[in-house]
Amino acid sequence: MTMQHRRSAELEATLVDLARGPYPEYIDDVLARTARSRQRPTWTFPERWLPMFGIASEQALAPRFPWRAIAIALIVIALMVVAVVALIAGAQPRIPAPFGVADNGLIAFERGGDIYTADPATGVERAIVTGSQTDAGPRFSLDGTRIVFERKLDYVHSQLYLARSDGTDLTLLTPEPLTLAAGDLGRAWEKYQLSPDGRTVLMATETSGVHTITIAQADGKGVRRLDVGMSASEPSFRPPNGAEILFIGDGEQGLGLFAVNIATEKGQADPADPERIWRGGPQLVAGRLPHRLLEVGRDGQRPDGQDACPLGRRDRRPRAPIAPRRRVECPRDVVQRWQSDLHCSRVHPGLWRCARRGGAG
Amino acid sequence: MDQQRLVERAREGDHDAFAELARATVVRLDEAARLILRDPELARDAVQEALLRAWRDLRKLRDPARFEAWLHRLTVNACLDQARRRRRWRIEVELLETDTPSIPDMSAAQADREVVDQVLRRLDEAGRAIVVLHYFLGMPLTDVAATLGIPIGTVKSRLHRALGEMRIAIDPERTLVTSPVSRGQPA
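Residue positions within a chain follow its written sequence, with the count starting from 1. By the order in which they are written, chains take letters starting at A while ligands take numbers starting at 1. A pLDDT threshold of at least 70 governs which residues receive local features in this predicted model, and a stricter bar of 80 or more applies before side-chain atom pairs are shown or counted, although totals over entire chains, interfaces and linings include all residues. Side-chain measures here rest on the full set of heavy atoms in the structure, leaving out hydrogens and waters.

Colleague: Teacher, can you tell me more about the overall build of chain A here?
Modeller: For chain A, the count of helices and strands is six helices and 21 strands. Summary of the burial criterion: residues with accessible area below 20% of their type's maximum are buried, those above 50% are exposed, and those between are partly exposed, where the area comes from a 1.4 Å probe applied to protein chains only. Out of the 361 residues in chain A, the part that is buried amounts to 39%. The contact definition used throughout considers only heavy atoms, calling two residues in contact when any of these lie within 4.5 Å. Partitioning the contacts of chain A with sequence separation of at least 6, the portion at a separation of at least 24 is 41%. Per-residue accessibility takes into account occlusion by the displayed protein chains alone, with areas from the Shrake-Rupley method and a 1.4 Å probe. Accessible area of chain A: about 21,000 Å², with a carbon and sulfur share of 55%. A helix here means a DSSP run of H or I that spans at least four residues, while a strand means a run of E at least two residues long, and both kinds are numbered starting from the N terminus.

Here it is, written out as structure tokens:
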């Protein structure tokens, strides 16, 4: 026996000594399991069909492909993509499509403290919100899927509710009762309205005798009052998306038509482009005024330098400012007196435009 | 009945024949697995897995004469799978040497056993598998390479490294192994 063989034999003997252990009793369990399992059919082995050789593969030492890390990375990336998409989609104002079926929808109205809808084609009525409460002033959203209405708690206080057009899914928008402030003519639709994107409800409110603007989330999760720094009445969402609100403000600059951004709450007339502001105004302001309007300088002076409008019964209600002039409302007799030295022409039943004779109007 | 006939019958679905084969080989497989994994519980799992695979895939074996080599291969692969899973979960603990003096009256055989045991523990599972396949199961190095799916040169170098560690660890006066290929079989 060579030295090498002797040493190999010693190692073998040592390994046998090291490996010695109890009889593996678990063989019975193993055989019980194999007896219950079936052998794979021969045809399932690729070697049966394909010429195969001994393919060397590093089973023990080759690094495993990081499937788990890759899967986690893919999941994280997918979640990030979903989050970004949701963020972008959420930031887009949902505006009703400017087209659709050209037919008349339902008409909503109040009767006996309940809310009804009626089909103008068939005349069929349907009570959608009933009960002992006094509900009034239903107003459809622009897409016609929801109705906002007022539930009167007493002569002063109300709460606003939102419901689907069939009266289901009733949502309380204003948990705290508030005082709604109607416009000059008390029309219900001037007290509140849904934004064009349907996400908020605008309310003309009155707080401690001051006209205010209140915004409620359409999902009923929040109410806040806009701070515009002045008394604000007759608010209205400004198309197309309701990011701004037009309102009649009574501040240091006097009465006028103002725009306020809902997000920033920066509210002021836009002197750089007053006409832009004014376009929303004629129907809102001048069209229904019982008094005539005169155009005067922004400093409140008539074009001829005299006082624009002496104090009269209703002369404290000048309306939308137009740079470099703004319009004021004056009693008829004042206008008649001015007409002696001003050239005035009636451009609207409620609007007179005056200019110095021989000057620009 | 000879082993080849038993394998043929087992391949045809005769579970009794397979049971006879398994009982005849399980001790050897269990010992090899314990040497590779150095953990009786893991070794048991590996052998169980190997025998289950053997029964399930027995029809894959074309040459009944290669049954034992095939079973050894399954066992080693199952051991490496177990080691891989264990590596994923185990916590490495470093055992510090104590000042306790070694037992002075240890016999030479016992000393060799301790040294081999220590060196085996220092090797990774793949290194231990090479030593066990070659020295314990008597497998030629070419078959070791085929079983582990690595080149023959790699087998030799790893065996050389493992045996070198044993040689360094053991008393120079009583060198246990000095050659990387000591079994005298063609490499």
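Colleague: It is not clear to me how the overall build of chain B should be interpreted in this structure. Could you clarify?
Modeller: Looking only at helices and strands, chain B features eight helices and zero strands. For chain B, the sequential pattern of α-helices and β-strands runs α-α-α-α-α-α-α-α. Within chain B, the fraction of its 187 residues that count as buried is 49%. In chain B, 66% of the contacts between residues at least 6 apart in sequence involve partners at least 24 apart. Accessible area for chain B stands at about 9,400 Å²; split by element, carbon and sulfur atoms hold 48% of it.

Colleague: Please explain the packing of aromatic side chains as it appears in this structure.
Modeller: Both the distance between ring centres and the angle between the ring planes are used here to describe each pair of aromatic rings. Aromatic rings from Phe, Tyr and Trp, with only the six-membered ring used for Trp, were paired whenever their centres fell within 6.5 Å, and each pair was classed as stacked if the ring planes differed by under 30 degrees, edge-to-face if by over 60, and tilted otherwise. A full pass over the atoms with the stated rule returns four aromatic pairs over all chains. Summarising the aromatic geometry, the rings of A:Phe149 and A:Tyr161 are spaced 5.9 Å apart at their centres and angled 15° between planes, so their arrangement reads as stacked. You can see A:Phe149 sitting in strand E5 (residues 146-152) and its partner A:Tyr161 sitting in strand E6 (residues 157-164), a full twelve residues away along the chain. By relative accessible area, A:Phe149 is classed as buried at 0%. The exposure class assigned to A:Tyr161 is buried, which follows from its relative accessible area of 11%. Residues B:Phe67 and B:Trp70 carry aromatic rings whose centres are separated by 6.3 Å and whose planes lie at 50° to one another, so their mutual orientation is tilted. One end of the pair, B:Phe67, and the other, B:Trp70, are both in helix H4 (residues 67-89), three residues apart, so they sit about a helical turn from each other.

Colleague: How should I be thinking about a nonpolar patch on the surface in this particular structure?
Modeller: All names here are of chain A. To count toward a patch, a residue needs a relative accessible area above 30% and no salt bridge. Like charges then connect within 9 Å, nonpolar side chains (Val, Leu, Ile, Met, Phe, Trp, Tyr) within 5 Å. Put simply, a salt bridge is a Lys or Arg side-chain nitrogen that is within 4 Å of an Asp or Glu carboxyl oxygen. A surface patch of nonpolar side chains, about 730 Å² in accessible area, is lined by Phe65, Trp67, Ile70, Leu74, Ile77, Val81 and Val85. In this structure, Trp67 sits in helix H4 (residues 67-91). By relative accessible area, which is 61% here, Trp67 ends up exposed.

Colleague: I would appreciate a short explanation of the packing of helix H1 (residues 3-11) of chain B against helix H2 (residues 15-37) of chain B in the present structure.
Modeller: The relative placement of two packed helices comes down to the angle between their axes together with the axis-to-axis distance. Residues and elements named next belong to chain B. At a minimum axis distance of 7 Å, the contact between H1 and H2 shows a crossing angle of 135°. The angle between H1 and H2 places the two elements in the oblique class. The element H1 and its partner H2 pack so that their crossing is left-handed. Taking contact as the criterion, the partners of Gln3, Leu6, Val7, Arg9 and Ala10 in H1 are, on H2, Ala17, Phe18, Glu20 and Leu21. Residues of the contact of H1 with H2, tallied by class, amount to six nonpolar, one polar and two charged. Every angle, taken between N-to-C directions, lies between 0 and 180 degrees, and every axis is a line fitted to C-alpha atoms, over only the stretch in contact when it is a helix. Oblique is the label for any angle not under 35 degrees, not over 145, and not in the 65 to 115 range, which are roughly parallel, roughly antiparallel and roughly perpendicular in turn. Here is the rule for handedness: rotate from the far helix to the near one, and if that takes an anticlockwise turn smaller than a right angle the crossing is left-handed, while a clockwise turn gives right-handed. Each residue is assigned to one class: nonpolar for Ala, Val, Leu, Ile, Met, Phe, Trp, Tyr, Cys and Pro, charged for Asp, Glu, Lys and Arg, and polar for all the others, Gly among them.

Colleague: How do you make sense of the pattern of salt bridges when you look at a structure like this?
Modeller: It is possible for side chains of opposite charge to pair when their charged atoms get near one another. All names here are of chain B. Taken as a whole and assessed by the stated rule, the structure comprises 19 salt bridges over all chains. We note a salt bridge from Asp81 to Arg53, for which the minimum N-O separation is 3.1 Å. Taken together, the residues span a long stretch of sequence, with Asp81 in helix H4 and Arg53 in helix H3 (residues 40-56) at a distance of 28 residues. Arg53 matches Asp81 in its accessibility class, with the two residues each being buried. In this structure, Arg56 engages Asp57 in a salt bridge whose closest nitrogen and oxygen atoms are separated by 3.0 Å. Classification of Arg56 as partly exposed rests on a relative accessible area of 36%. Members of the salt-bridge network, linked through shared partners, are Glu49, Arg53, Asp81 and Arg84.

Colleague: Would you take a moment to explain the sheet that holds strand E3 (residues 125-129) of chain A for this structure?
Modeller: Remark on secondary structure: sheet strands pair via backbone hydrogen bonds, oriented parallel or antiparallel. Residue and element names in this part refer to chain A. Here, a strand pair is defined by DSSP locating no fewer than two bridges between the strands. Judged by pairing direction, the sheet is antiparallel, and its three strands sit side by side in the order E1-E2-E3 without closing on themselves. Each having just a single partner strand, strand E1 (107-111) and E3 make up the two edges of the open sheet. Strand-to-strand twist across the sheet, computed as the mean angle between neighbouring axes with direction ignored, equals 35°. With five bridges connecting them, E1 and strand E2 (residues 114-118) associate as antiparallel partners. Among the inter-strand pairings, Glu110 is bridged to a residue of E2, identified as Ile115.

Colleague: I'm lost on the sheet that holds strand E9 (residues 192-194) of chain A in this one. Help?
Modeller: Residues and elements named next belong to chain A. Sheet architecture is open: four strands sit in the order E9-E10-E11-E12, paired in antiparallel fashion. Looking at strand neighbours, the two that pair on one side only are E9 and strand E12 (223-226), the edges of this open sheet. Averaged over all pairs of adjacent strands, the angle between strand axes in this sheet comes to 25°, irrespective of strand direction.

Colleague: I tried to follow unusual backbone geometry on my own but got confused; where do I start?
Modeller: Only a minority of non-glycine residues have a phi that is not negative, and only a minority of peptide bonds are not trans. Residue and element names in this part refer to chain A. Phi at Asp169 takes a positive value of approximately 55°, unusual for a residue other than glycine. Locating Asp169 in the fold gives a position in the loop between E6 and strand E7 (171-172). Since its relative accessible area comes to 48%, Asp169 is described here as partly exposed.

Colleague: Would you explain helix H6 (residues 125-136) of chain B in this entry?
Modeller: Residues and elements named next belong to chain B. For H6, the buried fraction is high: twelve of the twelve residues fall into the buried class. Turning to H6, its buried residues are Glu125, Ala126, Gly127, Arg128, Ala129, Ile130, Val131, Val132, Leu133, His134, Tyr135 and Phe136. One or two steps after H6, the chain reaches Gly138, where phi turns positive at roughly 70°.

Colleague: Which parts of the structure should I look at to understand the packing of H2(B) against H6(B)?
Modeller: Residues and elements named next belong to chain B. As a packed pair, H2 and H6 sit with axes 8 Å apart at the nearest point and diverge in direction by 145°. When you trace H2 past H6, the crossing you get is right-handed. Between H2, through Arg28, Glu31, Ala32, Leu35, Ile36 and Leu37, and H6, the contact on the second element is made entirely by Glu125, Arg128, Ala129, Val132 and Phe136. The class makeup of the residues in the contact of H2 with H6 is seven nonpolar, no polar and four charged.

Colleague: Help me understand the environment of A:Arg111, please; the structure alone is not making it clear to me.
Modeller: Looking at the element boundaries, A:Arg111 is found in strand E1. As a C-alpha pair, A:Arg111 and A:Gly137 span 26 residues in sequence and 9.8 Å in three-dimensional space.

Colleague: Teacher, can you tell me more about the confidence of the model for chain B here?
Modeller: Detail in the predicted coordinates should be disregarded across regions flagged by low pLDDT. All names here are of chain B. The predictor's confidence in any single residue is recorded as pLDDT, a number from 0 to 100. Of all residues in chain B, 74% have pLDDT values of 70 or greater, and the mean over the chain is 76. Every residue in residues 90-106 scores below 50 in pLDDT, and together they form three contacts with partners more than four places removed in sequence or on other chains. As a predicted assembly, this complex carries a pTM of 0.40 together with an ipTM value of 0.73.

Colleague: Would you take a moment to explain the nonpolar core for this structure?
Modeller: Generally speaking, soluble globular proteins have nonpolar side chains that are buried together. Counting 66 residues, the largest nonpolar core has A:Leu15, B:Leu51, B:Leu120 and B:Leu148 as its most contacted members. Top element by residues in this core is H2(B). It accounts for twelve residues. Side-chain atoms within 4.5 Å are what join buried Ala, Val, Leu, Ile, Met, Phe, Trp, Tyr and Cys residues into a set we call a nonpolar core. If you look at the next biggest cluster of nonpolar residues, it comprises 13 residues, including A:Ile213, A:Ile215, A:Leu226 and A:Met230.

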